[in-house]
Amino acid sequence: MFKRRKALLIVGIAFFFLLAYITVASLVPKTPYPGMRRIASHAAHGNTANGDHYIDLPGLKEGQLVVIEAENGSGVTGSWIRHSSIETFVLEGQGLTDGKLEYEVREDADYTFQLKCDDATFDVSISVWEKK
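Everything quoted here is computed from the prediction, not taken from an experiment.

J.: Teacher, can you tell me more about the environment of tyrosine 33 here?
T.: Looking at the secondary structure, you find tyrosine 33 in the loop between α1 (2-27) and β1 (36-47). Not counting chain neighbours up to four residues away, the residues in contact with tyrosine 33 comprise Leu65, Val67, Lys100, Glu102 and Trp129. In this structure the side chain of tyrosine 33 is engaged in a polar contact, spanning 2.6 Å, whose partner is the side chain of glutamate 102.

J.: Just to check I follow, could you spell out the side chain of glutamine 64 for this structure?
T.: For glutamine 64, the position within the fold is in the loop between β2 (54-60) and β3 (65-70). Not counting residues up to four positions away in its chain, the partners in contact with glutamine 64 are Ile39, Tyr103, Glu104, Val105, Val128, Trp129 and Glu130.

J.: So what exactly am I meant to see when it comes to the sheet that holds β1 here?
T.: Think of a sheet as strands paired side by side through backbone hydrogen bonds, with each pair either parallel or antiparallel. The strand order across the open sheet formed by 4 strands is β1-β8-β3-β6, and the pairing between neighbours is antiparallel. Of all the strands in the sheet, just β1 and β6 (100-104) have a single pairing partner and so form its edges. Between one strand axis and the next, the sheet turns through 15° on average, direction left out of account. In this structure, β1 lies alongside strand β8 (residues 121-131), joined through 11 bridges in antiparallel fashion. Note that in β8 the partner of alanine 40 across the bridge is valine 128.

J.: I tried to follow the side chain of threonine 112 on my own but got confused; where do I start?
T.: Mapped onto the elements, threonine 112 comes out in strand β7 (residues 109-117). One polar contact links threonine 112 to aspartate 56, side chain to side chain, over a distance of 2.8 Å.

J.: Looking at this structure, I do not really get a negative patch on the surface. What am I missing?
T.: There is a patch of like negative charges on the surface, built from Glu69, Glu71, Glu102 and Asp123. Within the element layout of this structure, glutamate 71 appears in the loop between β3 and β4 (76-84).

J.: Would you explain the pairing of β8 in this entry?
T.: Along any regular strand, the residues point their side chains to alternate faces of the sheet. Pairing analysis gives 6 bridges linking β3 to β8, with the strands arranged antiparallel. Its bridge partner being in β8, leucine 65 is matched across the sheet by tryptophan 129.

J.: Would you take a moment to explain the packing of aromatic side chains for this structure?
T.: Geometry of an aromatic ring pair is reported as the spacing of the ring centres plus the angle between the planes. Inspection of the entire model under this criterion finds 4 aromatic pairs. Plain terms: the ring middles of tyrosine 103 and phenylalanine 113 are 5.9 Å apart, the flat faces sit at 85° to each other, and that makes the pair edge-to-face. With tyrosine 103 in strand β6 and phenylalanine 113 in strand β7, this pair connects stretches of sequence that are 10 residues apart. What links up through ring pairs into an aromatic cluster is the set Tyr103, Tyr111 and Phe113.

What counts as what
- Residues numbered from 1 in each chain as written.
- Predicted model: local features only at pLDDT ≥ 70, side-chain atom pairs only at ≥ 80, totals over all residues.
- Heavy atoms only, no water.
- Helix = DSSP H or I, 4+ residues; strand = E, 2+ residues; numbered from the N terminus.
- Contact = heavy atoms within 4.5 Å.
- Polar contact = N/O pair within 3.5 Å; in protein donor to acceptor, adjacent residues only side chain to side chain.
- Pairing = 2+ DSSP bridges.
- Axes fitted to C-alpha atoms, helices over the stretch in contact; angles between N-to-C directions.
- Patch = residues over 30% accessible without salt bridge, like charges linked within 9 Å, V, L, I, M, F, W, Y side chains within 5 Å.
- Areas by Shrake-Rupley, 256 points an atom, 1.4 Å probe, with all protein chains shown as cover.
- Salt bridge = Lys/Arg side-chain N within 4 Å of Asp/Glu carboxyl O.
- Lys, Arg positive; Asp, Glu negative; His and termini not counted.
- Charge placed at Lys NZ, Arg CZ, Asp CG, Glu CD.
- Phe/Tyr/Trp six-rings, centres within 6.5 Å; stacked < 30°, edge-to-face > 60°.

This is the structure we're talking about:
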């Protein structure tokens, strides 16, 4: 009888720890970009009438990832990306996929993102990620 109680107690404690682990694992936010850490983030709000649709991100380094996410109802459909370093000046267009633009920085430079908007207003969040 004592051995049965001891076995039930051990199983109960193991079940409790398993349940606690599952609960904590479900509450801890998962990193959307494994192997990277967010080094900067902010939001941009404005409208195209007052010219607030330029986002300047100076001093980006090669290998970093810029993520621009458009909020629901925002008219952002894409972005023109301009950067200049000592050797190059590049202007390229990139659309949003599921409301998100992910741009991997190819060289150290100052970058400007010009949002292409269907509506007059926009709401976006900008974050910069780098490898750990």
